[in-house]
Amino acid sequence: MVLFGADRVGEFSHLLTGRVALLTAPSGRTRANLSTIDVLKEVCDLRLLLAPEHGVRGDKPAGALFNDETDPDSGLPVRSLYTKDSKRLSPETLDKFDTLVYDIADVGCRYYTFISTLRYCIADCAGAGKRLVVLDRPNPLGDRVEGGLLQEETASFVGCHPLPVCYGLTCGELAQLLNADMETNCD
């Protein structure tokens, strides 16, 4: 049986210290289809949701910029990481949590804005001395690696790291790779 990181948060609740923020999307679910938001509310002090492109609940159209809001299901504040002004964690947002949890299912292809959001969060959390915990899950494409590497001159928010089209890593392995190369330009 394959378990996702979200299925095992109880075993690792010692990593979820202090005030916790969760960066998630509709794919942030357990094997039993429970929302990671609900799971974390039971095991830690979840205070804030961070929304990538498409929003926490997936209700934002592709490419649509959006502002902060309150999540109607959990009642938690939601900070948008997909605004006109920035796609980064602001100093004000960083002040609101001690530990950031990332739980978004990856698709295994570099054409994915969630990868850039993860990259920015790694850099921003490292710069602010915040803990980042990635709830890992299998890559749906397995360990398949295919396609040419992204060329530096074509880097953008849709492709921010010199990865092949299919990179054969889980989101946790990808986070380790991105963390090792903090100099990547995602602008």
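For the structure, check the block above.
Residues numbered from 1 in each chain as written. Predicted model: local features only at pLDDT ≥ 70, side-chain atom pairs only at ≥ 80, totals over all residues. Heavy atoms only, no water.

**Student:** When you look at unusual backbone geometry in this model, what are you seeing that I'm missing?
**Tutor:** Despite not being glycine, Asn-33 has its phi angle at roughly 70°, a positive value. Mapped onto the secondary structure, Asn-33 falls in the loop between strand S1 (19-24) and helix H1 (36-43). If you check the backbone angles, His-54 has positive phi at about 80° while not being a glycine. Looking at the element boundaries, His-54 is found in the loop between strand S2 (45-51) and strand S3 (69-70). (Helix = DSSP H or I, 4+ residues; strand = E, 2+ residues; numbered from the N terminus.)

**Student:** In this structure, what is going on with the pairing of strand S5 (residues 99-103)? I would like to understand it.
**Tutor:** Put simply, side chains in a regular strand alternate between the two faces of the sheet. Burial within S5 is extensive, with five of its five residues counted as buried. By the alternation rule, side chains of S5 split into Thr-99, Val-101 and Asp-103 and Leu-100 and Tyr-102, which are all buried. Sheet topology note: the S1/S5 ladder contains five bridges and is parallel. Bridge pairing in S5 links Ala-21 to Leu-100. The β-α-β motif built from S5, the intervening helix H3 (residues 113-128) and the parallel element strand S6 (residues 131-134) has right-handed crossover chirality. (Buried < 20%, exposed > 50% of the residue type's maximum accessible area, 1.4 Å probe, protein only. Pairing = 2+ DSSP bridges. Right-handed = clockwise from strand over helix to strand, strands pointing away.)

**Student:** Could you clarify how one ought to interpret the packing of aromatic side chains in this entry?
**Tutor:** Here a ring pair, both rings aromatic, is described through the centre-centre distance and the interplanar angle of the planes. Scanning the model with the defined rule gives three aromatic pairs in all. Ring plane angle 40° and centroid distance 6.0 Å describe the contact between Tyr-82 and Phe-157, whose orientation is recorded as tilted. Note that Tyr-82 is positioned in the loop between strand S4 (77-80) and helix H2 (91-94) and Phe-157 in the loop between strand S7 (145-149) and strand S8 (164-167), a separation of 75 residues in sequence. Since its relative accessible area comes to 13%, Phe-157 is described here as buried. Ring geometry for Tyr-120 against Phe-157: centres 5.8 Å apart, planes inclined by 25°, an arrangement best described as stacked. Placement of Tyr-120 in helix H3 and of Phe-157 in the loop between S7 and S8 is noted, with a sequence separation of 37 residues between them. (Phe/Tyr/Trp six-rings, centres within 6.5 Å; stacked < 30°, edge-to-face > 60°.)

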